[in-house]
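A structural walkthrough
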Amino acid sequence: MLKIGWLAKDDPAAFEAAFADMGWIKPAAQYERYLDEQTAGERPVLVARLDGAFAGYLTVRWESTYRPFRAMGIPEIQDFNVLPPFRRQGIGSRLMDAAEALIGERSPVAGIGVGLYPDYGPAQRLYVLRGYLPDGRGIAWNGTNVTPGQIVEVDDELALYFTKAL
């Protein structure tokens, strides 16, 4: 059975280990910071567990690091991950449903950014299928829109941002 809940104090070390098993570096300190931000009311962290096993998570930043969203008060879904063994089972959609319901309590619009290299392909498709549309500002690097001729690194900070009316 799939359950969506909140990040808990025992989760950071378990999350670090789960990602390390896949060769990803996601240190426990990142989740400890998320837990502090969740406690402070700045960043809720929704966690998916399938039959008790950690399957994925996402966070909601009430104050986005992407300048246009921040200026318009659009909350942003960030750091959305479903572990590969749990993909294509509807877990990501359930996490998104929960995030959109949470955001809908405060805002009529949800925002999300997505990376631009092939690892992000499934996320790009998911967001479009869920009704997210590009915000029309082009790509951004590290939360700031890129200008014509600007050279940026293609990394996790290079993104296209989308919004969805809730």
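Structure report, in brief. (Residues numbered from 1 in each chain as written. Predicted model: local features only at pLDDT ≥ 70, side-chain atom pairs only at ≥ 80, totals over all residues. Heavy atoms only, no water.)

Looking now at the packing of aromatic side chains. When we look at a pair of aromatic rings, we describe it by the centre distance and by the angle of the planes. Counted under the stated rule, the structure contains 16 aromatic pairs. Taking the centre distance of 5.1 Å and the plane angle of 75 degrees together, the rings of Tyr-117 and Tyr-120 count as edge-to-face. Given a relative accessible area of 23%, Tyr-117 falls into the partly exposed group. Taken together through their ring pairs, the aromatic side chains of Phe-15, Phe-19, Trp-24, Tyr-31, Tyr-34, Phe-54 and Tyr-57 make up a single cluster. Stacked on the ring of Phe-19, the Lys or Arg Lys-26 has its end atom at 5.6 Å from the ring centre. (Phe/Tyr/Trp six-rings, centres within 6.5 Å; stacked < 30°, edge-to-face > 60°. Buried < 20%, exposed > 50% of the residue type's maximum accessible area, 1.4 Å probe, protein only. Lys NZ or Arg CZ within 6 Å of the ring centre and 35° of its normal.)

In this section: helix H4 (residues 91–104). Here H4 spans 20 Å end to end across 14 residues, near enough to the 20 Å set by a 1.5 Å rise per residue. Buried residues of H4: Ile-91, Gly-92, Leu-95, Met-96, Ala-99, Glu-100, Leu-102 and Ile-103, and no others. Viewed end-on, H4 has its buried residues packed into an arc of 170 degrees, placing them on one side of the element. (Helix = DSSP H or I, 4+ residues; strand = E, 2+ residues; numbered from the N terminus. Expected span 1.5 Å × (residues − 1). Arc of directions from axis to C-beta.)

In this section: the packing of helix H1 (residues 11–20) against helix H2 (residues 28–39). Viewed as axis vectors pointing N to C, H1 and H2 meet at an angle of 140 degrees, and their least axial separation amounts to 8 Å. With respect to their mutual orientation, H1 and H2 come out oblique. In the packing of H1 onto H2, the handedness of the crossing is right-handed. Residues Pro-12, Ala-13, Phe-15, Glu-16 and Phe-19 of H1 form the contact with H2, whose own contacting residues are Ala-28, Tyr-31 and Glu-32. Counted by class, the contact of H1 with H2 contains six nonpolar, no polar and two charged residues. (Axes fitted to C-alpha atoms, helices over the stretch in contact; angles between N-to-C directions. Parallel < 35°, antiparallel > 145°, perpendicular 65-115°, else oblique. Left-handed = near helix turned anticlockwise from the far one by under 90°. Contact = heavy atoms within 4.5 Å. Nonpolar A, V, L, I, M, F, W, Y, C, P; charged D, E, K, R; others polar.)

Along the chain, the position of Glu-153 falls in the loop between strand S7 (144–145) and strand S8 (158–165). Residue class for Glu-153 comes out exposed when judged on its relative accessible area of 52%. C-alpha separation for the pair Glu-153 and Trp-141, spaced 12 residues apart in sequence, amounts to 8.2 Å. Those residues in contact with Glu-153 that sit more than four places away from it in its chain are Trp-141 and Leu-158.

The backbone of Asp-79 shows a phi angle near 50 degrees, a positive value even though the residue is not glycine. As for its position among the elements, Asp-79 is in strand S4 (residues 76–82). With a phi angle near 55 degrees, Asn-142 is a residue other than glycine that sits in the positive phi range. With respect to the secondary-structure elements, Asn-142 resides in the loop between strand S6 (133–141) and S7.

Our focus in this paragraph is H1. Here H1 has its buried residues at Asp-11, Pro-12, Phe-15, Ala-18 and Phe-19. Down the axis of H1, the buried side of the element spans an arc of 130 degrees, and every buried residue falls inside it. Residues of H1 that are buried in the fold lie against strand S1 (2–6), H2, strand S2 (45–50), strand S3 (53–61) and S4.

With that out of the way, let us pick up the pattern of salt bridges. Overall, the coordinates contain eight salt bridges when judged by the stated rule. Here Arg-43 ties to Glu-37 by a salt bridge, and the two come within 2.6 Å at their closest N and O atoms. The same class applies to Arg-43 and to Glu-37, which are both buried. Three or more residues are tied together by salt bridges with common partners; here these are Asp-97, Glu-100, Arg-130 and Lys-164. (Salt bridge = Lys/Arg side-chain N within 4 Å of Asp/Glu carboxyl O.)

Here we come to the sheet that holds strand S5 (residues 109–115). Reading across the sheet, the eight strands line up as S1-S2-S3-S4-S5-S8-S6-S7 and stay open at both edges, with mixed pairing between neighbours. Two strands bound the open sheet, and with one partner strand each, they are S1 and S7. Sheet analysis places S2 next to S3, joined by six bridges and oriented antiparallel. Along S3, the bridge assignment pairs Leu-50 with Ala-53. (Pairing = 2+ DSSP bridges.)

The values reported here are purely geometric and, on their own, carry no functional implication.
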